[in-house]
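A closer look at the structure
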Amino acid sequence: VISEGRVQPGEEDTPAVEAVSAVTLPPAPLAPTHNYTWTQSLEEVEVVIELPSGILKTDLMVEISLDHLEVRTKGGQELFKSKLFSKVEPSDSSWQMSSSKKQVEVSLTKYQAAHQWAHLVDTPGYDPSGNLLGEVSDLSEAELREMMGRMRSLDQYTS
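Only a predicted model underlies this, so the values are computations on that prediction, with no experimental measurement involved. (Residues numbered from 1 in each chain as written. Predicted model: local features only at pLDDT ≥ 70, side-chain atom pairs only at ≥ 80, totals over all residues. Heavy atoms only, no water.)

We now examine the side chain of S98. For S98, the location among the structural elements is in the loop between β8 (94-97) and β9 (103-109). With residues near it in sequence (within four places) discarded, S98 still touches Q103 and E105. (Helix = DSSP H or I, 4+ residues; strand = E, 2+ residues; numbered from the N terminus. Contact = heavy atoms within 4.5 Å.)

Put into structure tokens, the structure is as follows:
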């Protein structure tokens, strides 16, 4: 069920929730387990992933493939794992630990320069051309468009 609400200071565990609709969603995509932000330019996508305290650069494993990004510790703790919205050039992409040692900064070189990404992570049922796919056959195209708009407004997949 899609719902949204606002969390008031001090109510992190009990957010006020207002039901928006009774649409059943498909399973969520692999999503990061920690906070992240992202920005893009014409040629690059920059991702900043918050790290748990005590993580050292030597503890990190960062894998950048044509359409996936994964950041985890050598001990197997997953910090970020997702299919990307669009393709990147792995050999031209890089990562570094921030000077504060609290974040990992990943620079992804876009496979298609000047291609605007709508999201960082690939969202099931959404086609980058703006056409909704038929993966959720029980929903009409209008319902899927509404659902995607709500998901974007919640910043669940964009930052």
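Membership of the largest hydrophobic core comes to 24 residues, with the highest contact counts inside it found for V47, L69, V71 and L120. Going through the elements one at a time, β3 (36-40), β4 (44-50), β5 (60-64), β6 (68-73), β7 (78-83) and β9 are the ones with two or more residues in this core. Excluding anything up to four places from it in sequence, V47 contacts Y36, T37, W38, L69, V104, E105, V106, L108 and L120. (Core = buried A, V, L, I, M, F, W, Y, C linked by side-chain atoms within 4.5 Å. Buried < 20%, exposed > 50% of the residue type's maximum accessible area, 1.4 Å probe, protein only.)

On to the pattern of salt bridges, then. Tallied over the full model, the rule gives three salt bridges. A salt bridge links E63 to R72; the nearest nitrogen and oxygen atoms lie 2.8 Å apart. Residue classification places E63 among the partly exposed positions, given a relative accessible area of 37%. R72 serves as the salt-bridge partner of E70, at 3.0 Å between the closest nitrogen and oxygen. Pair check on accessibility: E70 and R72 agree, each one buried. One salt-bridge network, in which partners are shared between bridges, spans E63, E70 and R72. (Salt bridge = Lys/Arg side-chain N within 4 Å of Asp/Glu carboxyl O.)

Our next topic: the confidence of the model for the chain. Confidence in the prediction for the chain averages 74 pLDDT; 59% of positions are at 70 or higher. Low pLDDT, under 50, characterises residues 1-34; the stretch is placed with 48 contacts to residues that sit more than four places away or in other chains. Low confidence marks residues 126-137, where pLDDT is under 50. Its contacts with residues over four positions away, or in another chain, come to 23 contacts. (pLDDT = per-residue confidence, 0-100.)

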